[in-house]
Amino acid sequence: MMSEHVLYICGPYPGNRNFKDDDVLSTARQITRIADEMGWVPICPSISSAEEPWRFGRTIIYRLRPEVDAVLCLRGWNMDTACVHERQSAVIRGVPVYESTPKCVVPTIEVRG
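Residues numbered from 1 in each chain as written. Predicted model: local features only at pLDDT ≥ 70, side-chain atom pairs only at ≥ 80, totals over all residues. Heavy atoms only, no water.

## Let's talk about the pattern of salt bridges
- This model, assessed by the stated rule, comprises 2 salt bridges.
- Arg 33 is paired through a salt bridge with Glu 37; the nearest N and O atoms lie 3.2 Å apart. Taken together, the residues span about one helical turn, with Arg 33 and Glu 37 both in helix α1 (residues 21–37) at a distance of 4 residues.
- When its relative accessible area of 56% is taken as the criterion, Glu 37 is described as exposed.
- The shortest N-O distance in the salt bridge between Asp 69 and Arg 65 comes to 2.9 Å. (Salt bridge = Lys/Arg side-chain N within 4 Å of Asp/Glu carboxyl O. Helix = DSSP H or I, 4+ residues; strand = E, 2+ residues; numbered from the N terminus. Buried < 20%, exposed > 50% of the residue type's maximum accessible area, 1.4 Å probe, protein only.)

## Regarding the state of the cysteines
- The final tally for this structure, using the stated rule, is 0 disulfides.
- A disulfide-free cysteine, Cys 10 has its sulfur positioned 3.7 Å from the sulfur of Cys 73, the nearest such atom.
- We classify Cys 10 as buried; its relative accessible area is 0%. (Disulfide = S-S within 2.5 Å.)

Right under this line is the structure:
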């Protein structure tokens, strides 16, 4: 049985005054689709509904398994306080953190441990 690999996608969230909400949502949807196609189970609070509060913030970071899961920070993450805190939480827990770049939009799945 194949283990599910969770990719938590954080990046500026809707409502951030530095970014247009349409751009944030469009990017989040595109990255989530790519991650899903690559075999990840993507969790992206930017596009989660209010009915799924368990998907938000550091709560989910503390559910991630450092040996198989990862966090992906989208462009502009460092301009959103919530993303900065989520990234810090992941680093403290030893969860691999990646930054999306034009050359590597979504990391490949690696099993560590």
